[in-house]
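Here is what each chain is made of, one letter per residue.
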Amino acid sequence: MKEIKIRHIVIITDCKDVAFCEMRRQILLECEKLGNYYTVVEPLVPAEEFSIINGAFLARLMADHYRENVLFMLILNPLQKRPKRIFGKISDGVYFEGADTGALNWLLKDFGLSSLYEITEKKFYAFGGKYVHSPVVAKMASGIPFREYGKRIGRNRLNKFSIPDGTVVHIDNFGLMKIKGKPLIYKEGEIVNLFVNGKKSVTAVASERMMNHEDGTWVLYSGSSMGLPELGKVRCKDGAKELNVKVGDILTWKII
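Described below are features of the structure shown in this document. From a predicted model like this one, the values you see are computed outputs, not experimental measurements. Counting of residues starts from 1 at the beginning of each chain's written sequence and follows it residue by residue. The model is predicted, so local features are restricted to residues of pLDDT at least 70 and side-chain atom pairs to those at 80 or more, both for listing and for counting; the totals for chains, interfaces and linings are taken over all residues. Neither water nor hydrogens contribute to the side-chain values; these are computed over all heavy atoms in the structure.

Regarding the overall build of the chain
- Secondary structure is summarised from DSSP: a helix means a run of H or I of at least four residues, a strand means a run of E of at least two, and numbering begins at the N terminus for each. If you tally the helices and strands in the chain, you get five helices and 15 strands.
- For the chain, the spread of C-alpha atoms along the principal axes amounts to about 60 × 35 × 35 Å.
- The classification of residues rests on relative accessible area computed with a 1.4 Å probe and restricted to protein chains. Under 20% of the type maximum is buried, over 50% is exposed, and intermediate values are partly exposed. When burial is assessed residue by residue, the chain has 54% of its 256 residues classed as buried.
- Any pair of residues with heavy atoms lying within 4.5 Å of one another is described as a contacting pair. For the chain, restricting intrachain contacts to residue pairs at least 6 apart in sequence, the fraction spanning at least 24 positions comes to 68%.
- Approximately 12900 Å² of the chain is accessible, and the part contributed by carbon and sulfur atoms is 52%.
- In summary, the charge assignment counts Lys and Arg as positive and Asp and Glu as negative, without counting His or the chain termini. Where a charge sits is defined by one atom per residue type, namely NZ (Lys), CZ (Arg), CG (Asp) or CD (Glu). For the chain, the separation between the mean place of its 38 positive charges and that of its 29 negative charges on side chains is 6 Å. To be clear on the numbers: accessible area is Shrake-Rupley with a 1.4 Å probe, and residue cover counts the displayed protein chains and nothing else.

Looking at helix H2 (residues 52–62)
- Of all eleven residues in H2, eleven are buried; the element is thus mostly enclosed.
- Listing the buried residues of H2 in full gives Ile-52, Ile-53, Asn-54, Gly-55, Ala-56, Phe-57, Leu-58, Ala-59, Arg-60, Leu-61 and Met-62.
- The secondary structure elements touched by the buried residues of H2 are strand S1 (8–13), strand S3 (45–46), strand S4 (70–75), helix H3 (105–111), strand S9 (168–171) and strand S10 (177–179).

Considering the sheet that holds strand S12 (residues 199–206)
- The pairing criterion for strands is at least two bridges between them, as found by DSSP. If you walk across this open sheet you meet the seven strands as S9-S10-S14-S13-S12-S11-S15, and the pairing is mixed. Every interior strand has two partners, whereas the edge strands, S9 and strand S15 (251–255), have only one. Each strand axis lies, on average, 35 degrees off the axis of its neighbour in the sheet, ignoring direction.
- Sheet analysis places strand S11 (residues 191–196) next to S12, joined by five bridges and oriented antiparallel. Its bridge partner lying in S12, Phe-195 is registered against Lys-200.
- Its contacts with the sheet place H2 against S9 and S10, and it is angled at close to 80 degrees to S9. Axis definition: a line fit to C-alpha positions, over the contact stretch in the case of helices; interaxial angles, taken between N-to-C directions, run 0 to 180 degrees.

In structure tokens:
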């Protein structure tokens, strides 16, 4: 029996130039060969280059927007040692595929894992995203049984990578820093000391709405992405650069 047909493919990748176009076209060509004209490759979800942390955040974030009939394809691998390539099922209508760098772990931790497979490979290709991952994704989307191109493995075979609370997981084009952690609990207007990798940096005001404050004010608030804390400098797009903060740094705070 064939697997459920997949309508949406969401590609999260740091291959943001023509490589994304190649992967997209390869997927669609392979789908057409299998008689699949119903699958749509969604717009690119661009990840920071070489950042497993950012890729993990983006995959988890997009899962809040696509809850059924979707396949998340995560192409991002900065590791020196080539990891196994995996795919599988999260729940009915939700699937994933990518290299086992640990970038899929946040998604799988929050939404569960129904089945896990390792891609059966016979040859190495320099651009695995195009020549290995894309054909597999097309087969998944077209309902070809997983056993025909992969072998089932246990969850204990997954990379053990995890992201600690306090980690900056994303910096947007306004310099706003999204931080992995629980939703904030504070009184409106409380002042906090901020620490970057354990070193005191600046003070900020805790607030529900960042934009209520004067230009140049540092504000700590519950953001728009899964309720994660965010830090930003009001109407200043270089806040992260000013603090010399990068994805992967640890931000903590303490009420004064």
